[in-house]
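# Geometric and topological summary
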Amino acid sequence: MFRRTIRAVRDFDWVLFAAMVSLVAVGMAAIASVTLSQSTPDFGGLMKQGVAFTLGLVLVFVVGAMNYRAFEPAARIFYLLGAVLLVAVLFVGQTVRGTTGWFSVAGWSFQPVEAAKIVLVIFLARYFSHHAYQRDLRSLMGSGVGALLLVGLTLLQPDFGSAMVLLATWVALLLLSGTRRSYVVTLLGLAATSAVFAWFFLLQPYQHERILTFLDPSRDPLGRGYNLTQSVIAVGSGGLFGRGLGFGSQSQLRFLPEAQTDFIFAVVAEEMGFVAVAAVLVLYALLVWRAIRLARLATDTFTAHIAAGIAILFTIQITINVGMNMGLMPVTGIALP
């Protein structure tokens, strides 16, 4: 037992763990700073974040001590539970800013689509590991049906940003599995057709405005372009070392909307500066690199796809959120991990 514990401690990826803890520390500091800007500071959100972090740490070591290959036969069950949650939230979920995508229980909110992202990775990892040498159209369609069902349920909320994350995760894992180039071209053509269809028949008017305002924020500077404009101002005003925690004009004077959630990156940029932003991006790169390294060291395809899928998921969400905060991508409501 003692030797097993020593071996587990030795083999544990402490570099990955340190990157994760450091990112959480920066996030907690930014949330605390924004909380202090309130006329009557409410540290309830910060306490919830602390509780969630503690539970997360417990799960890290519990799941890390398990035989993760046990997830493979349970992948279908996970997938089914994820789909059920996405259906249930449409009927009993809480609506926030036009999106019915939250369960709210005793003051705690939970987005089932966040669980669905992990579920999709596990489902696709199992699927591609079982079809490792099949590159035919039937194999492509089989994984596509599973992915597009979750995408469709997410679009019904409607949560366009999360739907695109799910879709991009499927496409990226599909490419990693060695799909033929001709199928990739066909898939891109279908994606373009689907985008046109979604524009005319699925997207809500406010989502049209988000995209149009992204292309030209000046069309609605005090309305839908306001968030994007204020975020760009916050990022640009931080300078090299920032204005200092608690001294950001955009975040402290509440010009920056959703400072504790969607635009937390802008708070870090304004109050901690370019140096801190660069450090945060390095930590994210380190986290993704370690996941890719684990995928390359994996001795089976299921493990490789799990690690690669998580790396892809993080990369997509980081890119979208940071791009959104810097005015390079539309405001989609994708949180910074």
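Residues numbered from 1 in each chain as written. Predicted model: local features only at pLDDT ≥ 70, side-chain atom pairs only at ≥ 80, totals over all residues. Heavy atoms only, no water.

### Overview of a nonpolar patch on the surface
- A contiguous nonpolar surface patch, about 400 Å² in accessible area, is contributed by V58, L59, V62, V63 and M66.
- By the secondary structure assignment, V62 is in helix α3 (residues 44-65). (Patch = residues over 30% accessible without salt bridge, like charges linked within 9 Å, V, L, I, M, F, W, Y side chains within 5 Å. Areas by Shrake-Rupley, 256 points an atom, 1.4 Å probe, with all protein chains shown as cover. Salt bridge = Lys/Arg side-chain N within 4 Å of Asp/Glu carboxyl O. Helix = DSSP H or I, 4+ residues; strand = E, 2+ residues; numbered from the N terminus.)

### A word on helix α7 (residues 160-176)
- With 17 residues, α7 should reach 24 Å at 1.5 Å per residue; the first-to-last C-alpha distance of 24 Å fits that figure.
- Buried residues of α7: G161, S162, A163, V165, L166, T169, W170, L173 and L174, and no others.
- At the C-terminal side of α7, G178 shows a positive phi close to 90 degrees. (Expected span 1.5 Å × (residues − 1). Buried < 20%, exposed > 50% of the residue type's maximum accessible area, 1.4 Å probe, protein only.)

### Description of the sheet that holds strand β2 (residues 99-105)
- Spatial strand order, β1-β2-β3: 3 strands in an open sheet with antiparallel pairing. The outermost strands of the open sheet, each flanked by one partner alone, are β1 (94-96) and β3 (108-110). For this sheet, the mean angle separating the axes of adjacent strands, direction not counted, is 50 degrees.
- Alignment of β2 against β3, held across 3 bridges, turns out to be antiparallel. (Pairing = 2+ DSSP bridges. Axes fitted to C-alpha atoms, helices over the stretch in contact; angles between N-to-C directions.)

### Remarks on the side chain of E270
- With respect to the helices and strands, E270 occurs in helix α12 (residues 264-297).
- By relative accessible area, which is 0% here, E270 ends up buried.
- Leaving out residues up to four positions away in the same chain, E270 has contacts with A234, S237, G238, G242, R243, G248, S249, Q250 and S251. (Contact = heavy atoms within 4.5 Å.)

### A short note on the pairing of β2
- Burial runs high along β2: 5 of the 7 residues are buried.
- Relative to β2, β1 runs antiparallel, the two sharing 3 bridges. What sits directly across from Q94, in β2, is W102.
- A loop of 2 residues connects β1 with β2, the two strands running antiparallel in sequence, and R97 in this loop sits at a positive phi of about 50 degrees.
- Taking the residues that link successive antiparallel strands as the turn, the β2-β3 hairpin has 2 residues, and the phi of A106 there is positive, at about 50 degrees.

### Points about the packing of α7 against helix α13 (residues 301-325)
- The geometry of α7 relative to α13 is characterised by a closest axis approach of 10 Å and an angle of 135 degrees between their N-to-C directions. Relative to α13, α7 is oriented oblique. Handedness of the α7/α13 crossing: right-handed. In this structure, α7 contributes V165, A168, T169, A172, L173 and L176 to the contact, and α13 contributes H305, A308, G309, I312, L313, I316, Q317 and I320.
- Classifying every residue of the contact of α7 with α13 by side-chain character gives 10 nonpolar, 4 polar and no charged. (Parallel < 35°, antiparallel > 145°, perpendicular 65-115°, else oblique. Left-handed = near helix turned anticlockwise from the far one by under 90°. Nonpolar A, V, L, I, M, F, W, Y, C, P; charged D, E, K, R; others polar.)

### Some points on the packing of aromatic side chains
- Using the criterion set out here, one finds 10 aromatic pairs in the structure.
- Here F12 and F61 contribute two aromatic rings whose centre-to-centre distance is 5.4 Å and whose plane-to-plane angle is 20 degrees, an arrangement assigned as stacked. Pair noted here: F12 is in the loop between α1 (2-11) and α2 (14-36) and F61 is in helix α3, with a separation of 49 residues, a long-range link.
- Relative accessible area serves as the criterion here: at 40%, F61 is assigned to the partly exposed category.
- Joined through ring pairs, the aromatic side chains of F12, W14, F17 and F61 make up one cluster.
- Between the NZ or CZ atom of K48 and the centre of the ring of W108, over which it lies, the distance is 5.8 Å. (Phe/Tyr/Trp six-rings, centres within 6.5 Å; stacked < 30°, edge-to-face > 60°. Lys NZ or Arg CZ within 6 Å of the ring centre and 35° of its normal.)

### Examining the pattern of salt bridges
- By the definition in use, this model includes 5 salt bridges.
- In this structure, R290 and D13 form a salt bridge, with 3.1 Å as the shortest nitrogen-oxygen distance. With R290 in helix α12 and D13 in the loop between α1 and α2, the pair connects residues that are 277 residues apart, well separated along the chain. Judged on exposure class, the residue R290 and its partner D13 are both buried.
- For R69, the salt bridge is made with D300, and the minimal N-O distance between the two is 2.9 Å.

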